[in-house]
Amino acid sequence: MYTLGIETSCDETSVAVLKNLKVLSNITISSLKAHKKYGGVVPEIANRAHLDNIDKVLSLALEEAKIKIKSIDLIAVTYKPGLIGALLVGLNFAKALSVALKVPFLGVNHLYAHFFSPFLNYKHRLKFPFLGLVVSGGHTSIYQVNKIDSIKTIGTTQDDACGETLDKVAVNYGLGYPGGKIIDQLFEPKYKKEFSFKCGKIGLNLSFSGIKTALVYKKNELEAKNGKLNLDFKKKLLSSFQFSLVEVIVKTIVEASKTKKIKRVSCGGGVIANSFLRYRLKQEQKKESIDFLIPFLEYTQDNGAMVAGLGFYLYNKTRVTSSLNLGAESN
Ligand code: KG4
Ligand code: ZN
């Protein structure tokens, strides 16, 4: 079965073609460059870029998959959560294709699609129950997945998302946007305890706004005393910062696994690309005998393949499809 996956919830216009769970193509055009000077995604710029690019991305995806559009059996599309204007571009595009091609379409939750990414290309086998961990630019949440249509949120950030925190601190430190990858590259394990920064945690819920402010204040305080921070000093601060973020995520997901007695955790989202987080999850896998399912790096960021993957699975298990009345939901 061939599934087309369409993702336009934020700044990536992405279309993928899957044959069952095998990814035949996954093409993404990002409007990231246009947002850089603002230090964050500007919704109107993202919406217009989706409109400009979606046709082209579809053609490239079909070309790379070497199939004709008439061979598509199902269209899966992100309908929530995300920027409302951006979601509307993908959703309406999917509806129009569905009508024209006379194939069913299915609206998919972007966050569930993230923790579905480890199953793409059969990297890991899907087996219930499991916990879903999403650590991205917009979300940081833990889910209990009993069945594909029985998913419950069991923990979430109360304010900023983890990736958002990395991005905002990197902008404040003059390192550019998006900051997650930059801070990952600057990270030096020998500096991880140079400073002591703390994230908020109550049970399985997290808070990152306090640590973000602490990083800004610490920089201001040090600069008032010593003048502009050099790169080595920034490395010390940011390594301690990243260490603290990673540790609170690891601690919380291990706690969730123990309290729910579920030893499989499927992970997704842009921050799952982080080298230190990946390393720590592997360590915990050995220590706590928890299976952490990690996606291939190319499927950590927003992409159409994860949307198609979840759509394919949902359709096959439940035969559910969406009606043309389906609306986009920002939250
Ligand atoms: O999943 P994603 O592409 O978009 C959302 O759904 O939000 O995630 C983007 C986030 C950004 O905050 C970015 O800084 C972060 O993922 N990110 C990373 C790394 N690569 C991207 N964070 C930490 N380490 C990385 N290597
Ligand atoms: Zn995402």
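Up top you'll find the structure we're talking about.
Thresholds, definitions, all that
Residues numbered from 1 in each chain as written. Chains lettered and ligands numbered in written order. Predicted model: local features only at pLDDT ≥ 70, side-chain atom pairs only at ≥ 80, totals over all residues. Heavy atoms only, no water. Pairing = 2+ DSSP bridges. Helix = DSSP H or I, 4+ residues; strand = E, 2+ residues; numbered from the N terminus. Axes fitted to C-alpha atoms, helices over the stretch in contact; angles between N-to-C directions. Contact = heavy atoms within 4.5 Å. Salt bridge = Lys/Arg side-chain N within 4 Å of Asp/Glu carboxyl O. Buried < 20%, exposed > 50% of the residue type's maximum accessible area, 1.4 Å probe, protein only. Expected span 1.5 Å × (residues − 1). Arc of directions from axis to C-beta. Disulfide = S-S within 2.5 Å. Near = heavy atom within 4 Å. Polar contact = N/O pair within 3.5 Å; in protein donor to acceptor, adjacent residues only side chain to side chain. Areas by Shrake-Rupley, 256 points an atom, 1.4 Å probe, with all protein chains shown as cover. 1 Å grid on protein atoms, 1.4 Å probe; cavity = no way out; pocket = protein on both sides within 12 Å on 5 of 7 lines; lining within 4 Å. Sits in = over half its atoms within 2 Å of the grid points. Phe/Tyr/Trp six-rings, centres within 6.5 Å; stacked < 30°, edge-to-face > 60°. Lys NZ or Arg CZ within 6 Å of the ring centre and 35° of its normal. Parallel < 35°, antiparallel > 145°, perpendicular 65-115°, else oblique. Nonpolar A, V, L, I, M, F, W, Y, C, P; charged D, E, K, R; others polar.

Undergrad: Give a detailed account of the sheet that holds strand β1 (residues 2–7), specifying residues and quantitative values.
TA: Taken in spatial order, the five strands of this open sheet run β3-β2-β1-β4-β5, and their pairing is mixed. Of all strands in the sheet, those bounded by a partner on one side alone are β3 (22–30) and β5 (105–109). Pairs of neighbouring strands in the sheet enclose a mean axial angle of 20°, with direction left out of account. Two elements, strand β2 (residues 12–19) and β3, share eight bridges in a ladder whose sense is antiparallel. Counterpart to Val15 in the pairing with β3 is Ile27. Against the sheet, helix α2 (residues 43–65) contacts β1, β2 and β3, and its axis sits at roughly 25° relative to β2.

Undergrad: Account for the side chain of Thr252, naming residues and giving values.
TA: Mapped onto the fold, Thr252 is located in helix α8 (residues 231–260). When residues no more than four places from it in sequence are discounted, the contact partners of Thr252 are Ile142, Lys201, Gly203, Leu204 and Leu206.

Undergrad: Talk me through the pattern of salt bridges; I want residue IDs and the actual numbers.
TA: Any two side chains of opposite charge can pair, on the condition that their charged atoms come close. Under the criterion given, the structure shown has 16 salt bridges. Between Lys228 and Glu223 there is a salt bridge, and its shortest N-O distance comes to 4.0 Å. Judged by its relative accessible area of 75%, Lys228 is exposed. For Glu284, the salt bridge is made with Lys287, and the minimal N-O distance between the two is 3.9 Å.

Undergrad: Report on helix α7 (residues 209–226), specifying residues and quantitative values.
TA: The end-to-end C-alpha separation of α7 is 26 Å, in line with the 26 Å expected for 18 residues at 1.5 Å each. Buried within α7 we find Ile211, Lys212, Leu215, Lys219, Leu222 and Glu223. For α7, the buried positions fall inside an angular range of 110° around the axis, keeping them on one side. Exposed and oriented more than 90 degrees from the buried face of α7 are Tyr217, Ala224 and Lys225. At the C-terminal side of α7, Gly227 shows a positive phi close to 85°.

Undergrad: Run through the state of the cysteines, naming residues and quoting values.
TA: The tally for this structure, following the rule as stated, stands at zero disulfides. Here Cys162 is not disulfide-linked; the sulfur of Cys199 is the nearest cysteine sulfur, at 7.3 Å. Taking relative accessible area as the criterion, Cys162 reaches 1% and is therefore assigned buried.

Undergrad: Help me get a handle on the site of ligand 1, residues and values and all.
TA: Inspection of the region around ligand 1 gives 21 residues, with Gly137, Gly138, Asp167, Asp184 and Gly270 positioned closest. Gly163 is positioned such that a nitrogen or oxygen atom in its backbone is 3.2 Å from an oxygen atom of ligand 1. Taken by itself ligand 1 offers 560 Å² of open surface, and the protein chains cover 90% of this. Applying the majority rule of atoms within 2 Å of the grid points places ligand 1 in the largest pocket. Going through the elements one at a time, α4 (110–116), α5 (162–172) and α6 (179–186) are the ones with two or more residues in the shell around ligand 1. The element contributing the most residues to the shell around ligand 1 is α6, with four residues.

Undergrad: Before we move on, could you go through the packing of aromatic side chains and cite the residues and values that matter?
TA: The tally for this structure, following the rule as stated, stands at 14 aromatic pairs. When the centroid spacing of 6.1 Å and the interplanar angle of 20° are considered together, the rings of Phe195 and Phe197 count as stacked. Both residues of the pair, Phe195 and Phe197, belong to the buried class. An aromatic cluster is built from Tyr112, Phe115, Phe116, Phe119, Phe128, Phe130, Tyr143 and Tyr313, whose rings are joined through pairwise contacts. For Lys219, the ring lying beneath its charged end belongs to Tyr173, and the centroid distance is 5.7 Å. Over the ring of Phe233 we find Lys236, and its NZ or CZ is 5.6 Å from the ring centre.

Undergrad: For the packing of α5 against α6, give the residues involved together with the corresponding values.
TA: Where α5 meets α6, the closest approach of the two axes is 7 Å, and the angle between their N-to-C directions is 75°. Between α5 and α6, the interaxial angle falls into the category roughly perpendicular. Residues Leu166, Asp167 and Ala170 of α5 form the contact with α6, whose participating residues are Gly179, Gly180 and Ile183. Considered class by class, the residues forming the contact of α5 with α6 number three nonpolar, two polar and one charged.

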